[in-house]
Amino acid sequence: MKQSHLKLIRVGVSLLFLLCTSAVFMDLLGKLPAPLIDSILYLQFIPSLIHYIQSAAWVSSGFIIILILTMLFGRLFCSCICPLGALQDTFIRFFRHLTPYQRKFSYQQPLNLLRFGVLTITMISSITGSLLLLSLLDPFSHFGRIMSDLIRPIVVAANNILVMVFHWAGIYALYPLGYKAPAALSLLLPLFILILLLCFTAERGRLFCNTFCPVGTLLSLLSHRSLFKISINNSICTRCGKCALQCKAGCINLKESTVDFSRCISCFNCIRSCPEAAIRYNSSFKKRDAGNHPHKQQRRAVLTSLICFFLFRPHLGNSQPPTPEAQKVPVRNRIPSTVVNEKNYPVAPPGARTINHLLSNCTACHLCISTCPTGVLQPALGKYGPNGFLRPHLDAVSGFCNFDCTRCGDICPTGAIQRLPIKRKKRTQIGKTLFIKKNCVVETDKKDCGACAEHCPTKAVRMVPFEGKLKIPELDNKYCVGCGACEHICPVRPHKAIFVDGLPVHRISEAPVSKPLTVVPMEDFPF
Amino acid sequence: MKRRQFLKTSARASLMAGSAALLGPCASLLANQSLQSYNLVAIKNSTPDKMFDAGIKSLGGMQSFVKKGQTVVVKPNIAWDVNPELAANTHPLLVQRIVEHCFEAGAKKVYVFDHTCDQWRNTYKKSGIEKAVKHAGGTMAPGNNEKYFHPVQVTGKRLKDAQEHELVLESDVFINVPVLKSHGSASITVSMKNLMGIVWDRRHWHSNDLHQCIADFSCYRKPDLNVVDAYNVMMQNGPRGVSIDDVVNMKSQLISTDMVTADTAAAKLFGINPDDVGYIRYAAQQGAGRNDLNNLAIKKISL
């Protein structure tokens, strides 16, 4: 294998990972089987790390492979596997085509205080129980949110336009997809990151990877002393400078003929660009790097925090009670309902076990939100408190939890939402339901409704005789699973007559039992 | 003499004509019954497809309802994301057989859809109806997007307007295939309640006197044929059901062109008094159909 082919291989592998990871987030029809999604996301660093801390197993050991890979070959992860890296590379390529001249990069000083400072603070805050900072810096989560919150609505719109065309021709093979929009404010963060990355890549290539990315900085500690490195052969090098012009990380210092391999993201652009083949990727035993270690102190501090991160994971409760919300829809029932729905806790998805568990393990990548077939999962703004910014919760206005579905737990990459077998999921109580008689249309209008009892999959709410021939809902919470079907379908506005309040610790509901039927065999038709 | 002869001849002729009218339905002398002869056909003791074969034959075959080159829309009950044994949806075998009959009668295109309650793609699949329809050569159409529903005037007592699915508005023939089951608030759900699956905003019906809205809509939209699936009947905890213990294997079926007749007979089959069911009472009063089973021509078939 010629060294100049390294770049081609890198491009191929990174495109493969970009496409496969994008497909996982754009699997709007839910057709990809969960084990396939697990394989595609296996090597993503932060999700795998979090999953491993929760339950050490082969299935969550992807990050260990990345650590070994980096120790041997350098930061191949950053160029080949990280989807945000591949996305940035497409931006760089785009900018290159945009400008009339070839985009030129140049050597940049390492911003060690910034990158190690960010990494240290992130690790400390993660150890002390808040994943907020990590979720704001993790490249996988950023990629997920950009895909799920910004790209998904575009894909849905494109699909629906195509459907209109097909439908005009009488073909029903394609069908319109629904899209339950999250709160507009939750879109600000991925939008901000997208614009930030566009600015960074336009001027300085992979600047994010060597400043704010905690994975990049962590791996740089290992790649600094990796087995295989990129280095310049001084006897051949003509100091033409072509390699430094192409270096997306700005780590080739021609004055001193060194390559700061800790910042190198292994894109191999330099090797391809050298006319003399003076810059090469070879074993570090061949050529000792004479560079100094300006960041030894920071490295020690970071490694200590890494060990602490593994050992100590205290759980701190940080969910604050949110303010009650009224439905902002035009009133349809005759008398607008009066009693406000007071909710103490948001409803966490089944499999999250407890709200604390969700907040301690979720990095808000939004894969569950993207894949939820009813669109009930939505990113929370303040419902979980500041630590729960953009974490998923069940919003009964948007949808309800389909009784036979376990999709969110099946695909969660960090294990924040655990995989539940379907029988167990049907008995997992994620919330308790409250019925407000004063809001109910049977009480106020004296007319039959029954929508809530219709939808209840466990008949926790059932219709019982009321005044005259009317029937009114009656609730028995021990059967309730908190799916929110009743709240979703209740026609009353602005405050619903039946709603779900989240449980901070999920429970097991009682199995619904049917009364035995006394069936009289029919001899003849009764008419 | 001519005038007297004329008067005698006319008197005799009118007497003959008048007495002929007193003879009763002559059509009953013919071997092949026309669809007007039976108001209701009730079949029992076989599988849904065989029962339908026997039942539709008594009404003159599917050719009486579907002409060559027409488009048909079949509306079963595909509401809940559950397996067929739980009887929350119409039996897939019955839907398959109906679609097959339509094609045999010469239909150009047969669409099947419902505005499901649960997530629609899962529901179409798990109910077994999507597979059955594809097997018979029909087309499953989605019913869960508002753009498919167009505003119509209903001018009922409580229901003034609604949004109706375009397939029902545009197709030549509309076949309603409900499943008989208990219902928490409507007592039972049969053909008239099944029509709630062809409109978009059901919530409005629930918050504005459900029974009256059902009756109003049944005065407005009458399907060409109603086939009530009473093979597996959910006797309690309807309409979604909780477990298989709620289901009775009744092995029956009712076919009628009149929804009120079908629902009245279905109520009796279920074991309740049809007059206790609000929407059946209102619909009969408003003239949507006939509920006086004693005066109607009923064909009973036991296989």
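Here the residue numbers are simple positions, counted from 1 along each chain's written sequence. Chains and ligands are labelled by the order in which they are written, letters from A for the one and numbers from 1 for the other. Predicted model: local features are reported for residues with pLDDT of at least 70 only, side-chain atom pairs are reported and counted for 80 or more only, and whole-chain, interface and lining totals are derived from all residues.

(A) Layout of the overall build of chain A. Every helix listed is a DSSP run of H or I at least four residues long, and every strand listed is a run of E at least two residues long, numbered separately from the N terminus. Looking only at helices and strands, chain A has 21 helices and 10 strands in total. Buried residues in chain A amount to 46% of all 527 residues. A pair of residues counts as a contact when their C-beta atoms, built from backbone coordinates, are within 7 Å of each other. If you take every contact in chain A between residues at least 6 apart in sequence, the share linking residues at least 24 apart comes to 75%. Put plainly, a residue is buried at 20 or more neighbouring C-beta atoms within 10 Å of its own, exposed at 12 or fewer, and partly exposed in between, counting only other residues' C-beta atoms, which are placed from the backbone.

(B) Region of the structure containing the overall build of chain B. Across its full length, chain B carries 11 helices and 12 strands. Radius of gyration here is computed from C-alpha atoms only, and the compact-globule reference equals 2.2 Å multiplied by the residue count raised to the power 0.38. Rg of the C-alpha trace for chain B: 21 Å, near the compact-globule value of 19 Å for 303 residues, within the 12% margin. Each of the 303 residues in chain B was classed as buried or not, and the buried ones make up 56%.

(C) Region of the structure containing the interface of chain B and chain A. Facing the 37 residues of chain B at the interface are 37 residues of chain A. Looking at the side of chain B that touches chain A, the elements with two or more residues in it are α8 (202-206), α9 (210-220), α10 (259-270) and β12 (298-302) of chain B. Three residue categories are used. Nonpolar comprises Ala, Val, Leu, Ile, Met, Phe, Trp, Tyr, Cys and Pro, charged comprises Asp, Glu, Lys and Arg, and polar comprises the others, including Gly. Counted by class, the side of chain B that touches chain A contains 14 nonpolar, 13 polar and 10 charged residues.

(D) Main features of helix α1 (residues 6-25) of chain A. All names here are of chain A. Take the residue count of a helix, subtract one, and multiply by 1.5 Å to get its expected span. For α1, built from 20 residues, the straight-helix expectation of 28 Å at 1.5 Å per residue is met to within 8% by its first-to-last C-alpha distance of 29 Å. Of the positions making up α1, those classed as buried are Leu6, Arg10, Ser14, Phe17, Leu18, Thr21, Val24 and Phe25. Burial along α1 is one-sided: seen end-on, the buried residues are contained in an arc of 125°. Residues of α1 that are exposed and angled more than 90 degrees away from the buried face: Leu8, Ile9 and Gly12. To obtain the arc, one takes the directions from the helix axis to the C-beta atoms.

(E) Region of the structure containing the domain arrangement of chain A. All names here are of chain A. Domain ranges listed in this record stem from an automatic or a database domain assignment. Split by domain assignment, chain A resolves into domain 1 (3-287 + 297-310) and domain 2 (355-508). Measuring from the centre of the C-alpha atoms in domain 1 to the corresponding centre in domain 2 gives 37 Å. Opposite the 35 residues of domain 1 that make contact, domain 2 presents 29 residues. Of the residues forming the side of domain 1 that touches domain 2, the biggest block, seven residues, is contributed by helix α9 (residues 139-168).

(F) View of helix α2 (residues 48-58) of chain B. Residues and elements named next belong to chain B. Looking at α2, one finds that the buried residues are Pro48, Met51, Phe52, Gly55 and Ile56. One side of α2 holds all its buried residues, which, seen down the axis, span an arc of 120°. Tucked inside the fold, the buried residues of α2 contact β1 (40-44), α3 (92-104), β10 (225-234), β11 (247-256) and β12. Following α2 by one or two positions, Gly60 has its phi on the positive side, about 95°.

(G) Region of the structure containing the confidence of the model for chain B. One number per residue, pLDDT, summarises how confident the predictor is, and it ranges from 0 to 100. Summarising the model, chain B shows a mean pLDDT of 90, and 94% of its residues fall at 70 or more. Both scores are available for the predicted complex, with the pTM at 0.84 and the ipTM at 0.78.

(H) Quick look at the nonpolar core. A set of buried residues drawn from Ala, Val, Leu, Ile, Met, Phe, Trp, Tyr and Cys, joined through C-beta atoms within 7 Å, is what defines a nonpolar core. Core analysis: the biggest nonpolar cluster contains 214 residues, and A:Phe77, B:Val74, B:Val95, B:Ile98, B:Val112, B:Leu180 and B:Ala266 have the highest contact counts within it. Counting residues per element, this core draws most heavily on α10(B), at eight residues. For this core, the two domains that each supply at least three residues are domain 1 (3-287 + 297-310) and domain 2 (355-508) of chain A. Apart from residues no more than four positions distant in its own chain, A:Phe77 is found in contact with A:Phe45, A:Ile66, A:Leu69, A:Thr70, A:Cys82 and A:Leu219.

(I) Expanded view of unusual backbone geometry. The omega torsion of the bond from A:Arg493 to A:Pro494 falls at -10°, within 30 degrees of zero and hence cis. Looking at the secondary structure, you find A:Pro494 in the loop between α21 (485-489) and β10 (498-508). Look at the link from B:Gly238 to B:Pro239: it is a cis peptide, with omega at 5°. For B:Pro239, the location among the structural elements is in the loop between β10 and β11. Of note, B:Lys251 is a non-glycine position whose phi angle comes to about 55°, a positive value. Mapped onto the elements of the fold, B:Lys251 is located in strand β11. The class for B:Lys251 is partly exposed, based on 18 C-beta atoms found within 10 Å.

(J) Main features of the packing of α1(A) against helix α6 (residues 83-98) of chain A. Residues and elements named next belong to chain A. Orientation is described by axes fitted as lines to C-alpha atoms, over the contacting stretch for helices, and by angles from 0 to 180 degrees between their N-to-C directions. Contact pair α1 / α6: the axes reach a minimum separation of 9 Å and the direction vectors enclose 110°. The orientation of α1 with respect to α6, classified from their angle, is roughly perpendicular. The crossing of α1 and α6 is left-handed. Facing Ser14, Leu15, Phe17, Leu18 and Thr21 of α1, the residues of α6 in contact are Pro83, Ala86, Leu87 and Asp89. Counted by class, the contact of α1 with α6 contains six nonpolar, two polar and one charged residues. Angular relationships are summarised with four words: roughly parallel below 35 degrees, roughly antiparallel beyond 145, roughly perpendicular across 65 to 115, and oblique for the angles in between. By convention the crossing between two helices is left-handed if the near helix lies anticlockwise of the far one by an angle smaller than a right angle, and right-handed if it lies clockwise.

(K) A look at the pairing of strand β9 (residues 471-475) of chain A. Residues and elements named next belong to chain A. Pairing of strand β8 (residues 461-465) with β9 involves five bridges; the strand directions are antiparallel. Its bridge partner lying in β9, Arg462 is registered against Glu474. In textbook terms, the turn of a hairpin is the stretch between consecutive antiparallel strands, and for β8 and β9 this stretch comprises five residues, one of which, Gly468, has a positive phi near 65°. Two strands form a pair only when DSSP identifies at least two bridges running between them.

(L) Local environment of the packing of α9(B) against helix α11 (residues 278-285) of chain B. Residues and elements named next belong to chain B. Across the interface, α9 lies against α11 with an axial gap of 8 Å and an inter-helix angle of 40°. The angle between the axes of α9 and α11 places the two elements in the oblique class. Between α9 and α11 lies a crossing whose hand is right-handed. Contacts from His211, Gln212, Ile214, Ala215, Ser218 and Cys219 of α9 reach α11 at Gly278, Tyr279, Tyr282 and Ala283. Across the contact of α9 with α11, the residue classes tally to six nonpolar, four polar and no charged.

(M) Quick look at the environment of B:Gly128. All names here are of chain B. Note on placement: Gly128 falls in the loop between α4 (120-126) and α5 (129-136). Owing to 20 C-beta atoms within 10 Å, Gly128 belongs among the buried residues under this scheme. Spatially, the C-alpha atoms of Gly128 and Met51 are 19 Å apart, while their sequence positions differ by 77 residues. For Gly128, the contacting residues outside a window of four places in its chain are Pro84 and Pro92.

(N) Molecular detail of the confidence of the model for chain A. Across chain A, pLDDT averages 87, with 89% of residues at or above 70. In this model, residues 287-292 of chain A is a region of pLDDT below 50 whose contacts with residues beyond four sequence positions or in other chains number five contacts.

(O) Highlighting the environment of A:Leu197. Residue and element names in this part refer to chain A. The residue Leu197 is located in helix α10 (residues 188-204) in this model. A C-alpha to C-alpha distance of 8.6 Å links Leu197 and Leu207, two positions 10 residues apart in sequence. In this structure, Leu197 is in contact with Gln88, Phe91 and Phe208, ignoring residues within four places of it in sequence.

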